[in-house]
Amino acid sequence: MSESNLIFSTLRITVISGIVILAIGLLLSEQAYGEKIMWAGVLVLICSPLLGVLVTYVVLIKERDWFWVKVASVLIAVLSMGIILSLLKV
Amino acid sequence: MDPLIIVALMAVGIGAGIIGAIFGLGGGIIFMPFLTIAFGLGAIEATAISLIGIVASSVGAASIYVRRGMSNVRLGLLMEITTTIGAVVGAFIAAYLSNWMLLCIFSAVLIYSSLHMMFHGERISEPPDVEDNMSFTYYDENEGLDKRYEVENVRGGLALCTVAGAVSSMTGVGGGAIKVPLMNLFMHVPIKVASATSSYMIGITAFSGAIIYFLNGFVLLDYAAGMAIGAYIGSLIGTKISRNLKSASMRKYLAIVLIVIAILELSKAGGLI
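Residues numbered from 1 in each chain as written. Chains lettered and ligands numbered in written order. Predicted model: local features only at pLDDT ≥ 70, side-chain atom pairs only at ≥ 80, totals over all residues. Heavy atoms only, no water.

Focus: the overall build of chain B
Moving on, step 1. Along its length, chain B carries ten helices and two strands.
Moving on, step 2. Along chain B, helices (α) and strands (β) appear in the sequence α-α-α-α-α-β-β-α-α-α-α-α when read from the amino end.
Moving on, step 3. Relative to the compact-globule value of 19 Å for 273 residues, chain B shows a C-alpha radius of gyration of 18 Å, a close match.
Moving on, step 4. Projecting the C-alpha coordinates of chain B onto the three principal axes gives extents of approximately 60 × 40 × 35 Å.
Moving on, step 5. Counting across all 273 residues of chain B, residues that qualify as buried make up 58%.
Moving on, step 6. For chain B, restricting intrachain contacts to residue pairs at least 6 apart in sequence, the fraction spanning at least 24 positions comes to 78%.
Moving on, step 7. Accessible surface for chain B amounts to roughly 10500 Å². Of this, 67% is attributable to carbon and sulfur atoms. (Helix = DSSP H or I, 4+ residues; strand = E, 2+ residues; numbered from the N terminus. Rg over C-alpha atoms; globule rule 2.2 N^0.38 Å. Buried < 20%, exposed > 50% of the residue type's maximum accessible area, 1.4 Å probe, protein only. Contact = heavy atoms within 4.5 Å. Areas by Shrake-Rupley, 256 points an atom, 1.4 Å probe, with all protein chains shown as cover.)

Encoded structure:
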């Protein structure tokens, strides 16, 4: 599978899964477990960009595109630091 | 919950998703006023839902733009580094700066970008004979051609992304509205690539904000579900529309959208909305 296809499929599959889970949760929102399904849907949806970055990272490593592997490594480090700092702040 | 509210949320989501996907704006600029004014939510709940809507519209659009070879994921990753640093710094210094002043500066930048786009043609640099890390190609669907371009002013662009990240985390808007013109006007990235790359980047920025709100339990799940479903559908429509747009017309429309955003933000700064 080519580079863009792999990234495309990852983004597509996770975002669609998130949306479908949310839709099911919304339809069942009268039930007690509807909330839990929507909670899972939101989690899947918001993690889709992160998954996209991680798959891009793997693709770059496989292509031995070292300049861009370095860039992606720095980004992942910065994102993690940002999340930790924000969690500490709240 | 009232089904009518869900339908209304979906409708707003679709509208914002369409505009967000065409121009790489995410759509927060549309979500926020609706959530706070029309749906009467507090700032925290509205921001949380807006961020989830942005993830849905930007990832929906980015996935398609990546397949079409229009998102420059490498450039996106690079620029996202300084954007994220700016956003984190912005979140910490927000308390010390007055919001109206920031909104005025932000609007001034948008108006300048808009006028520049309206009155000047697009500048795209040819890659050098020996291609370097900043030489790229994309496929222009409207013209049916592969086009090469060289990204210029990378250091300056990265520095400005820090500012863009800081401003958008302080004012809650404007990630894409600053980044798309920045890439197009300053870094010579073709407008279609700039907006498609912005969609990819905005998803990452929105993720790092949304996950914090989510983990802290600030997300109203049914509102978020309605908005996200609408935004995703909107993004699919938006990517279809952008396929048929010529670069020149896209810049003109974007110039208009930027002016409208600037007016909205100025009225917010003046306390009108």
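From this point, the narrative continues.
Description of a nonpolar patch on the surface
Moving on, step 1. Judged by side-chain polarity, A:Ile84, A:Leu85, A:Leu88, B:Ile85, B:Val89, B:Phe92, B:Ile93, B:Tyr96 and B:Leu97 come together as a nonpolar surface patch covering roughly 870 Å² of accessible area.
Moving on, step 2. Of all the secondary-structure elements, those providing two or more residues to the nonpolar patch are helix 3 (66-89) of chain A together with helix 4 (73-93) of chain B.
Moving on, step 3. It is helix 4 of chain B that contributes the most residues to the nonpolar patch, four residues altogether.
Moving on, step 4. Along the polypeptide, B:Val89 turns up in helix 4.
Moving on, step 5. The class for B:Val89 is partly exposed, based on a relative accessible area of 43%. (Patch = residues over 30% accessible without salt bridge, like charges linked within 9 Å, V, L, I, M, F, W, Y side chains within 5 Å. Salt bridge = Lys/Arg side-chain N within 4 Å of Asp/Glu carboxyl O.)

Quick notes on the side chain of B:Ser235
Moving on, step 1. Here B:Ser235 lies in helix 9 (residues 221-243).
Moving on, step 2. Apart from residues lying up to four places away in sequence, B:Ser235 is in contact with B:Gly17, B:Ile18, B:Ala21, B:Ala56, B:Ser57, B:Gly60 and B:Ala61.

Let's talk about the interface of chain B and chain A
Moving on, step 1. The interface of chain B with chain A comprises 48 residues on the first partner and 46 residues on the second.
Moving on, step 2. Both faces considered, chain B and chain A share a buried interface measuring about 4200 Å² in area, 82% of it formed by carbon and sulfur atoms.
Moving on, step 3. Contact with chain A buries surface across chain B, with B:Arg74, B:Phe207 and B:Phe214 losing the most and accounting together for 17% of the total.
Moving on, step 4. Remark: the boundary between chain B and chain A carries two salt bridges.
Moving on, step 5. Where chain B meets chain A, there are three residue pairs in polar contact (both at pLDDT 80 or more).
Moving on, step 6. When contributions to the side of chain B that touches chain A are tallied by element, the ones reaching two or more residues are helix 1 (3-23), helix 3 (43-67), helix 4, helix 8 (191-215) and helix 9 of chain B.
Moving on, step 7. Here the side of chain B that touches chain A gets twelve residues from one element, more than from any other, and that element is helix 4 of chain B. (Buried area = accessible area lost by both parts, 1.4 Å probe. Polar contact = N/O pair within 3.5 Å; in protein donor to acceptor, adjacent residues only side chain to side chain.)

Here's the deal with the pattern of salt bridges
Moving on, step 1. For the structure shown, the criterion picks out nine salt bridges over all chains.
Moving on, step 2. Put simply, B:Glu131 and B:Arg148 hold a salt bridge, and the shortest N to O gap is 2.7 Å. One end of the pair, B:Glu131, is in the loop between helix 5 (99-119) and strand 1 (135-140); the other, B:Arg148, is in strand 2 (residues 145-150), and 17 residues separate them in sequence.
Moving on, step 3. The shortest N-O distance in the salt bridge between B:Glu143 and B:Lys147 comes to 3.1 Å.
Moving on, step 4. Given a relative accessible area of 45%, B:Glu143 falls into the partly exposed group.
Moving on, step 5. According to the relative accessible area criterion, B:Lys147 is partly exposed, its value standing at 24%.
Moving on, step 6. Taken together, the shared-partner salt bridges in this structure form one network comprising A:Glu63, A:Asp65 and B:Arg74.

A look at the packing of helix 3 of chain B against helix 8 of chain B
Residues and elements named next belong to chain B.
Moving on, step 1. Remark: helix 3 packs on helix 8, axes separated minimally by 7 Å, with the N-to-C direction vectors making an angle of 145 degrees. In the crossing of helix 3 with helix 8, the sense of the turn from one axis to the other is left-handed.
Moving on, step 2. Among the residues making up the contact of helix 3 with helix 8, the classes are represented as 18 nonpolar, five polar and no charged. (Axes fitted to C-alpha atoms, helices over the stretch in contact; angles between N-to-C directions. Left-handed = near helix turned anticlockwise from the far one by under 90°. Nonpolar A, V, L, I, M, F, W, Y, C, P; charged D, E, K, R; others polar.)

Quick look at the nonpolar core
Moving on, step 1. Counting residues in each nonpolar core, the largest one holds 111 residues, and the members touching the most others are A:Leu45, B:Leu35, B:Ile52, B:Met79, B:Val151 and B:Val189.
Moving on, step 2. If one sorts the elements of this core by residue count, helix 8 of chain B sits on top with 14 residues.
Moving on, step 3. Other than its neighbours up to four places away in sequence, A:Leu45 contacts A:Val15, A:Gly18, A:Ile19, A:Leu22, B:Ile52, B:Val55, B:Ala56 and B:Ala228. (Core = buried A, V, L, I, M, F, W, Y, C linked by side-chain atoms within 4.5 Å.)

With respect to the packing of aromatic side chains
Moving on, step 1. Inspection of the entire model under this criterion finds seven aromatic pairs over all chains.
Moving on, step 2. Judged by centre distance (5.9 Å) and plane angle (35 degrees), the ring pair of B:Phe136 and B:Tyr149 falls under tilted. Taken together, the residues B:Phe136 in strand 1 and B:Tyr149 in strand 2 connect sequence positions 13 residues apart.
Moving on, step 3. B:Tyr149 gets classed as buried once you look at its relative accessible area, which sits at 1%.
Moving on, step 4. Cluster of aromatic residues (ring-pair linked, three or more members): A:Phe67, A:Trp68, B:Phe136, B:Tyr138 and B:Tyr149. (Phe/Tyr/Trp six-rings, centres within 6.5 Å; stacked < 30°, edge-to-face > 60°.)

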